[in-house]
Amino acid sequence: MNGGLTRAVIFDLDGTLIDSAPDIHAAANTLMAQHGFAPFTPAETRSFIGSGVPHFITCCLRARDRAGDAALRAQLIAEFIELYETAVTLTQVYPGVADALTALAAEPYALGLCTNKPVMPARAVLAHLGLDAHFPVVIGGDSLTVRKPDPAPLRAAVAGLGARDVVYVGDSEVDAETAARAGLPFALYTQGYRKGPVADIAHDRAFDDFAELPGIVADLLS
């Protein structure tokens with residue numbers, strides 16, 4: 001898939017390459033309204049992001065004192081995923097991402113994606129934003145039977161690219177743990193959806209400007 005490249009950069013998606021929180025917030029509040037629950041603030045839904053749709057819906061129901069309703073949870077998961085596949089219009093690419101991806105591909109590095117977002121919504125938003133051509137391998141939250149921080153999805157992305165030397169790029173505690181458990185160097189994008197201070201998240205390098213990323217990757221793989 002990568003023309004024999006052995007060096008690769010694998011990215012998380014939400015909070016790393018794209019700011020999808022507005023679309024996720026809108027989809028969540030559509031569901032809340034349909035089921036008679038009060039809406040969430042943007043900050044509330046943003047705090048629920050990062051561990052996949054089932055966890056997100058659990059957080060929504062917990063906040064509305066319905067966490068124990070298994071049937072409702074299953075229904076909301078299915079309904080949210082259906083909404084999620086078209087939840088692209090409010091999502092924006094972070095500044096500098098497109099140029100950084102182009103620069104990395106020119107080095108050349110193989111590029112892949114490992115996200116807890118379901119694979120169909122992930123592919124839909126990548127296509128909508130014109131980023132899909134960069135990623136021959138996309139591992140989503142429903143591609144395997146486990147999700148990050150289990151290292152299996154990240155390892156599947158590495159295997160799919162056929163890469164040997166890999167940097168993982170993400171924005172959260174979940175991504176940091178995933179990289180550590182997979183034994184890969186981790187670059188932390190500090191402007192995403194992390195829950196705590198940068199100093200509390202294990203990382204090899206941190207950055208807030210994507211113009212820095214090609215140099216960071218070169219250093220980590222030197």
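Numbering of residues starts from 1 in every chain and runs along the sequence as written. Per-residue local features are limited, in this predicted model, to residues with pLDDT of at least 70; the limit for side-chain atom pairs, both in listing and counting, is 80 or more; totals at the level of whole chains, interfaces and linings are taken over all residues. For side-chain calculations, the full set of non-hydrogen atoms in the structure is used, while hydrogens and water are omitted.

With respect to the overall build of the chain
Labels follow the DSSP assignment, with helices taken as runs of H or I lasting at least four residues and strands as runs of E lasting at least two, numbered in each case from the N terminus. Looking only at helices and strands, the chain has nine helices and eight strands in total. Based on C-alpha atoms, the radius of gyration is set beside the globule rule, defined as 2.2 Å times the residue count to the power 0.38. The C-alpha atoms of the chain give 17 Å as radius of gyration, which agrees with the globular expectation for 222 residues (17 Å, within 12%). Here the C-alpha coordinates of the chain stretch approximately 55 × 35 × 30 Å along the principal axes. Three exposure classes are used, based on accessible area relative to the maximum for each residue type with a 1.4 Å probe and protein chains only: buried under 20%, partly exposed in between, and exposed over 50%. For the chain, the proportion of its 222 residues judged to be buried stands at 50%.

So, the nonpolar core
Counting residues in each nonpolar core, the largest one holds 54 residues, and the members touching the most others are F11, F80, F135, F210 and L213. C114, V137, A157 and I201 belong to the second largest nonpolar core, which has 20 residues in total. Side-chain atoms within 4.5 Å are what join buried Ala, Val, Leu, Ile, Met, Phe, Trp, Tyr and Cys residues into a set we call a nonpolar core.

Comments concerning the packing of helix α5 (residues 97–106) against helix α9 (residues 213–220)
Running from N to C, α5 and α9 point in directions that differ by 35°, and their axes come no closer than 9 Å. Mapping the contact onto sequence places A100, A103 and L104 in α5 and L213, P214 and V217 in α9. Residues were grouped as follows: Ala, Val, Leu, Ile, Met, Phe, Trp, Tyr, Cys and Pro as nonpolar; Asp, Glu, Lys and Arg as charged; and all remaining residues, including Gly, as polar. Looking at side-chain class alone, the contact of α5 with α9 contains six nonpolar, no polar and no charged residues. Helix axes use the C-alpha atoms of the stretch in contact, all axes being lines fitted to C-alpha atoms, and the angles between their N-to-C directions lie in the range 0 to 180 degrees. It only takes one pair of heavy atoms within 4.5 Å for two residues to be counted as in contact.

Let's talk about the pairing of strand β6 (residues 165–170)
In terms of residue burial, β6 counts as a mostly covered element, since five of its six residues are buried. Note on handedness: a crossover is taken as right-handed if, strands pointing away from the viewer, the path from the first strand over the helix to the second is clockwise. Note on the crossover from β6 through helix α8 (residues 173–182) to strand β7 (residues 186–189): the handedness is right-handed.

What to know about unusual backbone geometry
At the junction of E107 and P108, the peptide bond is cis and its omega measures out at 5° in the coordinates. Structurally, P108 is set in the loop between α5 and β4 (110–114). Following K148, the chain continues into P149 via a peptide bond in cis, with omega recorded as 15°. Position of P149 among the secondary structure elements: in the loop between β5 (137–139) and α7 (152–161). Of note in this structure, D65 is not a glycine but carries a positive phi near 60°. Here D65 shows up in the loop between α3 (53–63) and α4 (70–84).

Some points on the pattern of salt bridges
Every case where a carboxyl oxygen of Asp or Glu lies within 4 Å of a side-chain nitrogen of Lys or Arg is listed as a salt bridge. Across all of its chains, the model carries seven salt bridges by this definition. Notably, a salt bridge pairs K117 with D14, separated by 2.9 Å at the nearest N-O pair. Remark: D14 occurs in the loop between β1 (7–11) and β2 (18–19) and K117 occurs in the loop between β4 and α6 (119–129); sequence separation between them is 103 residues. The same class applies to K117 and to D14, which are both buried. A single network of salt bridges, built from pairs that share partners, joins D12, K148 and D175.

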